[in-house]
Amino acid sequence: MRKFFYASDIGDLGKALSEARELKRNRLAYKSLGEGKTIMLVFFNSSLRTRLSSQKAALNLGLSPIVLNIGQDSWKLETELGVVMDGDKSEHLREAIPVMGCYCDLIGVRSFAGLKDREADYAETVLEQFVQYSGRPVISLESATVHPCQAFADLITIDEYKRRPRPKVVLSWAPHPRALPQAVPNSFAEWMLAAGMDLVITQPEGYELDPRFTAGARIEYDQMRAFEGADFVYAKNWSCPGVSDPSRYGQIICSDPSWTVGERQMTVTDNAYFMHCLPVRRNVVVTDAVIDSPASLVIPEAANREISVQVVMKRMLESL
Ligand code: AN0
Ligand code: CP
């Protein structure tokens, strides 16, 4: 595996899930696989789960992690090509990436969407430069449009807790005071559909996600109707994807607090589990009562981040 951006990069999801189950039972089973090898974990943005779970997964495989926080530990990096570098950025990605590639065997990168230029974000311009210039396999640790390690962990979690073979999974938009990327909902929809789940997406008008990730999902604009009979509820805020109106890309176009997931919505589900990738703003995205209830899977979901990324690193090490 040379890159991990999409569900299709990991191939058969049934096989990936059994590999995840096997690794979860014995995390150290492949501890000599990464011996003498290094993974560079490059963060352009903050992280708690991704940085910790990636380091832990690497250590489980005997792989040495090096973490680099861009702009804090390194020089500030210019990411756009063709610009006159007379501002605050001392080095260009074009040199920094091949240099990083010299010191490692695998690379993981977190680089969020800029939310200004839809075309540049959806072309994954930063991550694609890592693929092109590092000479190393590249893992998206949330890039402009995808968060595959999160979606794979979510799939592992749903597989563990499902009470029927094809559960009803509802992805619900929720309010948030800051404009957030679409990476988490894009990948969640993509992976749920690839795994054959009955996926319903509910959102206010104008928040339609890019159809390249959601084709085949049912869309329901009435949140209460969407929640009826759900087995899993996955809440997440995202900013306007700009599908029908590109001029609104990255903006907040609704802040209606009635979309906050609370007991009112959960009572019409089929005793659904509640999921969120975290970090979450309590009583904005979800009420205390729901996230603190026994139906909340947010911690087991975060725990599975170690497993999902370990499967990916293992596959990459095996194909070096
Ligand atoms: C980020 C996002 O919504 O993409 C990271 C989630 C894993 N969330 C925030 O910035 C709050
Ligand atoms: N869910 C997730 O990716 O969390 P972090 O942003 O803390 O890594």
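In what follows, the structure referred to is the one given above.
Procedures and definitions
Residues numbered from 1 in each chain as written. Chains lettered and ligands numbered in written order. Predicted model: local features only at pLDDT ≥ 70, side-chain atom pairs only at ≥ 80, totals over all residues. Heavy atoms only, no water. Near = heavy atom within 4 Å. Polar contact = N/O pair within 3.5 Å; in protein donor to acceptor, adjacent residues only side chain to side chain. Areas by Shrake-Rupley, 256 points an atom, 1.4 Å probe, with all protein chains shown as cover. Nonpolar A, V, L, I, M, F, W, Y, C, P; charged D, E, K, R; others polar. Helix = DSSP H or I, 4+ residues; strand = E, 2+ residues; numbered from the N terminus. Buried < 20%, exposed > 50% of the residue type's maximum accessible area, 1.4 Å probe, protein only. Salt bridge = Lys/Arg side-chain N within 4 Å of Asp/Glu carboxyl O.

Focus on the site of ligand 1
Then, number 1: Residues in close proximity to ligand 1 include Phe-112, Glu-142, His-147, Leu-180, Pro-181, Lys-236, Cys-277 and Leu-278, which together make up its full environment.
Then, number 2: Within the side chain of Glu-142, an N or O atom sits 2.7 Å from an oxygen atom of ligand 1.
Then, number 3: In the environment of ligand 1, an oxygen atom lies 2.7 Å from a nitrogen or oxygen atom belonging to the side chain of Lys-236.
Then, number 4: Coverage of ligand 1 by the protein chains reaches 86% of its 330 Å² of free accessible surface.

A closer look at the site of ligand 2
Then, number 1: Close to ligand 2 lie Ser-47, Leu-48, Arg-49, Thr-50, Arg-110, His-147, Gln-150, Cys-277, Leu-278 and Arg-305.
Then, number 2: Gln-150 is positioned such that a nitrogen or oxygen atom in its side chain is 3.0 Å from a nitrogen atom of ligand 2.
Then, number 3: Bound to the protein, ligand 2 loses 93% of the 260 Å² it would expose on its own.
Then, number 4: Broken down by class, the residue content of the shell around ligand 2 amounts to three nonpolar, four polar and three charged.

Regarding the environment of Cys-102
Then, number 1: Looking at where Cys-102 falls in the secondary structure, it is placed in helix α3 (residues 93–102).
Then, number 2: Since its relative accessible area comes to 57%, Cys-102 is described here as exposed.
Then, number 3: In the structure, Cys-102 is positioned 33 residues away from Gly-135 in sequence and 8.7 Å away in space, judged by C-alpha atoms.

With respect to the pattern of salt bridges
Then, number 1: Within the structure shown, the criterion is met by 18 salt bridges.
Then, number 2: Here Lys-76 ties to Asp-88 by a salt bridge, and the two come within 3.4 Å at their closest N and O atoms. Separated by 12 residues along the polypeptide, Lys-76 in the loop between β3 (64–69) and β4 (77–78) and Asp-88 in the loop between β4 and β5 (91–92) bring together distant segments of the chain.
Then, number 3: For Lys-76, a relative accessible area of 39% puts it in the partly exposed group.
Then, number 4: Where Glu-318 meets Lys-314, a salt bridge forms, and the shortest distance between an N and an O atom there is 3.1 Å. With Glu-318 and Lys-314 both in helix α12 (residues 298–318) and four residues apart, this pair spans about one turn of that helix.
Then, number 5: A relative accessible area of 5% places Lys-314 in the buried class.

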